[in-house]
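Spelled out from the first residue to the last, the chains are:
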Protein chains: 2
Amino acid sequence: MLKLTKKADYGLMALKYLAEHPETPALSAKDVADAYGIPAQLLAKILQLLTRNGLLRSHAGMNGGYALARDARTISAYEVIHAIDGPFFITSCTKGAKSCELTPSCTIKEPLARVNDTIAGVLKSISIQDLTEHEQPAARAREAHGLVALTL
Amino acid sequence: MLKLTKKADYGLMALKYLAEHPETPALSAKDVADAYGIPAQLLAKILQLLTRNGLLRSHAGMNGGYALARDARTISAYEVIHAIDGPFFITSCTKGAKSCELTPSCTIKEPLARVNDTIAGVLKSISIQDLTEHEQPAARAREAHGLVALTL
DNA sequence: TCAGTATACGACCATTTCTGTCGGGATTTC
DNA sequence: GAAATCCCGACAGAAATGGTCGTATACTGA
Ligand code: FES
Ligand code: FES
């Protein structure tokens, strides 16, 4: 539980890889898949999703492939996960229009929704750029975003 | 993704319910299940799990049932989830002894592990007691725990 | 001591979700 | 036009999840 799907994981890895190779105009799905040893066709579908959601630019034909649509600093892990796995709720009951069947009796969803928001916030505060900085990312990120105050 | 399992959800609901009825010495699995309309046998298994992990006290026989093993304030959502769904990692690769097959090439797991820790921290900072205070929990919790500093 | 109420627990099945594959089609480059 | 590449829906296999059943065990109270 509370686990990233493999697809989301792959997606993050791919974006990270692209961010690390800014010199090349585009990398094919196969290139990235080979680099990490992940199923090429599966990754292809994931990259297509990311393209559809405006995180990547694609280009068909020889020497085609994918490139980041925006600066790595402006793409958050949240966006990636959201693009791949869809809207995300920690609880089964969305608390919105279509509330859970148990709603009347259950008051648990409300505090949990706050946890959900907090986690989303954390994910939003992490950029692809952050993923590429393996040396001392803690310090760098803290600089970049400041301390995030959790108002539970 | 990043979703609580129903079992964990049920577990939290049950603990919350028990916390709200401190006057009764024990409530049976059926009592709680009926209160929320969740499958009694399933809840029973969950409560057994929580008992095994020391979060609940069980008592067989008439007027038996379950009661919190400790004060609601000292039981965290993290413990509950952990007891029910087992150790929890946001990524597939545990970064510990048995690392992922992709490890050599993939540097993504390390920053993600930090996210994992952050989420775990949030969950640890939430007690069953917090879940029972539906009025203004934001303010109360902030008082109780202070601001949590995220050192991403 | 016996009947009734409850927990304990393993086996099992049904459903859903996730992962990965295939095949045909559309675009771009050379 | 041929090769490389993206696009995308359908689908099969695998795994996780949700839920049920049967039985054994423990406690209570009459
Ligand atoms: S589980 Fe749906 S409202 Fe609580
Ligand atoms: S996915 Fe396993 S090390 Fe990154």
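Residues numbered from 1 in each chain as written. Chains lettered and ligands numbered in written order. Predicted model: local features only at pLDDT ≥ 70, side-chain atom pairs only at ≥ 80, totals over all residues. Heavy atoms only, no water.

K.L.:
Would you mind going over the protein's contact with DNA strand C in detail, with residue names and values included?
P.N.:
Around DNA strand C, the surrounding shell holds 24 residues, and the nearest of these are K6 and K45 of chain A together with A29, Q48 and S58 of chain B. Taking all atoms of DNA strand C within 4 Å of the protein, the share assigned to sugar and phosphate is 67%. Take G61 of chain B: an N or O atom from its main chain is 3.3 Å from a sugar or linking oxygen of DNA strand C. Contact distances for DNA strand C include 3.0 Å between a phosphate oxygen and a side-chain N or O atom of Y66 of chain B. At the level of elements, α1 (6–20) and α3 (40–52) of chain A together with α3 (40–52), β1 (56–59) and β2 (65–68) of chain B are the ones that each hand at least two residues to the surface near DNA strand C. Tallied by class, residues from the surface near DNA strand C come to 9 nonpolar, 10 polar and 5 charged. (Near = heavy atom within 4 Å. Polar contact = N/O pair within 3.5 Å; in protein donor to acceptor, adjacent residues only side chain to side chain. Helix = DSSP H or I, 4+ residues; strand = E, 2+ residues; numbered from the N terminus. Nonpolar A, V, L, I, M, F, W, Y, C, P; charged D, E, K, R; others polar.)

K.L.:
Can you break down the pattern of salt bridges residue by residue, with the values?
P.N.:
Residue and element names in this part refer to chain A. Applying the stated rule across the entire model yields 8 salt bridges over all chains. A salt bridge links K30 to D34; its shortest N-O distance comes to 2.8 Å. Taken together, the positions of K30 and D34, both in helix α2 (residues 29–36) and 4 residues apart, correspond to about one turn of that helix. Under the relative-accessibility criterion, K30 is labelled exposed at 51%. Across the pair D71 and R73 runs a salt bridge, and its minimum N-O distance is 3.3 Å. (Salt bridge = Lys/Arg side-chain N within 4 Å of Asp/Glu carboxyl O. Buried < 20%, exposed > 50% of the residue type's maximum accessible area, 1.4 Å probe, protein only.)

K.L.:
Describe the side chain of S127 of chain B, with residues and values.
P.N.:
Relative to the elements of secondary structure, S127 of chain B occurs in the loop between α5 (109–124) and α6 (128–132). When near neighbours in sequence (up to four residues on either side) are disregarded, S127 of chain B contacts A72, R73, I75 and S76 of chain B. (Contact = heavy atoms within 4.5 Å.)

K.L.:
How would you explain the environment of A83 of chain A if you had to name every residue and give the values?
P.N.:
All names here are of chain A. On the secondary structure map, A83 appears in helix α4 (residues 77–85). The exposure class of A83 is buried, given its relative accessible area of 9%. A sequence separation of 31 residues divides A83 from R52, and the C-alpha atoms of the two residues are 8.6 Å apart. Discounting residues that sit within four places of it in the chain, A83 has contacts with L49, L50, N53 and L55.

K.L.:
How would you explain the packing of helix α2 (residues 29–36) of chain B against α3 of chain B if you had to name every residue and give the values?
P.N.:
All names here are of chain B. Interhelical geometry of α2 versus α3 gives an angle of 125° and a closest axis separation of 9 Å. With respect to their mutual orientation, α2 and α3 come out oblique. As α2 runs across α3, the sense of the crossing is right-handed. Between α2 and α3, the contacting residues are A29, V32 and A33 on the first element and A40, L43, A44 and L47 on the second. Taken together, the residues of the contact of α2 with α3 sort by class into 7 nonpolar, no polar and no charged. (Axes fitted to C-alpha atoms, helices over the stretch in contact; angles between N-to-C directions. Parallel < 35°, antiparallel > 145°, perpendicular 65-115°, else oblique. Left-handed = near helix turned anticlockwise from the far one by under 90°.)

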